[in-house]
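So the chains spell out like this:
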Amino acid sequence: MDSRAQLTKTTVFLHWIIALAIIGSLGFGLYLEDLPGSPDKGALIGIHKSIGVLILVVALYRIYWRIRNGFPQRLTPVADWQEKAATLVHLILLAGTVLMPISGIFMSVGGGHSVAVFGLEVIPAQGEIEWMGDLGHLLHGLGGKIMIAAILLHVAAAVKLWLFTKDSTMQRMLGRKVS
Ligand code: HEM
Ligand code: HEM
């Protein structure tokens, strides 16, 4: 289990693999949105969808892991509003890791497309389901923007603790034992 002095390898691994995958998928998604339609674009969307479904599986496990472990304990006391803001941002980030792929699946399935993970079909095409496509589109677009804002706040807070407060929060998320 995570302790105040050290986070487990699982916590550290899950944080960084999901962080990388989410930042990459946000960038990839925004790039796709601006790309004109073509067979190449279709193939790239297939890769985006495949990675997104894999993220969903890991993200669900991560949420189970976080519920079992609780959030990491704070190393340096901060103002009450900062504590609340950090918890809110962490909850938005965790929710986004699940809601982004689910809304993507809604958008695809609602639009009459199948969902496959690198060629292995997980949801066959059903024909268009308008409300599902519209809801997925709305949540995927809005969710992406909320995630980008939350990540910017989160990284700014992490860098502040690291470079200005100079506590060991960042080192602990890199797997080190701290005092
Ligand atoms: C380069 C980017 C990032 C840096 C430098 C970073 C840094 C950190 C650090 C230092 C902590 C520990 C906070 C503490 O102990 O109180 C943390 C926790 C956390 N981070 Fe990040 N992070 C990054 C990206 C992300 C992304 C993209 C996500 C979500 C998709 C994310 C989600 C979380 C969550 C939910 C926590 C709470 C602890 C946990 O559930 O593991 N982080 N992050
Ligand atoms: C963590 C996972 C994911 C992230 C962070 C993500 C992010 C994004 C972003 C930011 C966009 C641009 C949307 C806009 O600005 O309106 C996008 C587009 C899209 N995403 Fe995702 N996505 C994820 C997973 C998925 C999944 C699992 C699917 C489907 C199974 C999917 C399907 C799509 C589709 C079809 C587009 C539109 C591409 C286009 O036609 O231009 N996404 N994604």
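The coordinates are above.
Draft legend 1. Spatial organisation of helix 3 (residues 80-110). Over its 31 residues, helix 3 runs 43 Å from end to end, which matches the ideal 45 Å to within 8%, given 1.5 Å per residue. Its maximal kink placed at Gly96, helix 3 deviates by approximately 30°. Taken from the residues just after helix 3, Gly112 is the one with a positive phi, measuring 90°.

Draft legend 2. Spotlight on the environment of Gly141. Tracing the backbone through its elements, the reader meets Gly141 in helix 4 (residues 130-165). Gly141 sits 20 residues away from Leu161 along the chain, and the two C-alpha atoms are 31 Å apart.

Draft legend 3. Structural view of the pattern of salt bridges. Enumeration according to the criterion identifies three salt bridges in this entry. Between Asp2 and Arg66 there is a salt bridge, with its nearest N and O atoms 3.6 Å apart. Of the two residues, Asp2 is situated in the segment before helix 1 (9-34) and Arg66 in helix 2 (residues 39-69); the sequence distance between them amounts to 64 residues. Each member of the pair, Asp2 as well as Arg66, is classed as buried. With a shortest N-O distance of 3.1 Å, Lys84 and Asp80 are connected by a salt bridge. Separated by four residues within a single helix, Lys84 and Asp80 lie in helix 3, roughly one turn from each other. There is no split in this pair, since Lys84 and Asp80 are both exposed.

Draft legend 4. Structural detail: the site of ligand 2. If you check the shell around ligand 2, you find 24 residues, and the closest are Lys41, His48, Lys49, Met107 and His140. Interatomic distance of 3.4 Å between a backbone N/O atom of Leu32 and an oxygen atom of ligand 2. In this structure, His48 approaches ligand 2 through a side-chain N or O atom, which is 2.8 Å from a nitrogen atom. Elements supplying a minimum of two residues to the shell around ligand 2: helix 1, helix 2, helix 3 and helix 4. Counted by class, the shell around ligand 2 contains 12 nonpolar, eight polar and four charged residues.

Procedures and definitions
- Residues numbered from 1 in each chain as written.
- Chains lettered and ligands numbered in written order.
- Predicted model: local features only at pLDDT ≥ 70, side-chain atom pairs only at ≥ 80, totals over all residues.
- Heavy atoms only, no water.
- Helix = DSSP H or I, 4+ residues; strand = E, 2+ residues; numbered from the N terminus.
- Expected span 1.5 Å × (residues − 1).
- Bend = angle between axes of the 7 residues up to and from the residue.
- Salt bridge = Lys/Arg side-chain N within 4 Å of Asp/Glu carboxyl O.
- Buried < 20%, exposed > 50% of the residue type's maximum accessible area, 1.4 Å probe, protein only.
- Near = heavy atom within 4 Å.
- Polar contact = N/O pair within 3.5 Å; in protein donor to acceptor, adjacent residues only side chain to side chain.
- Nonpolar A, V, L, I, M, F, W, Y, C, P; charged D, E, K, R; others polar.

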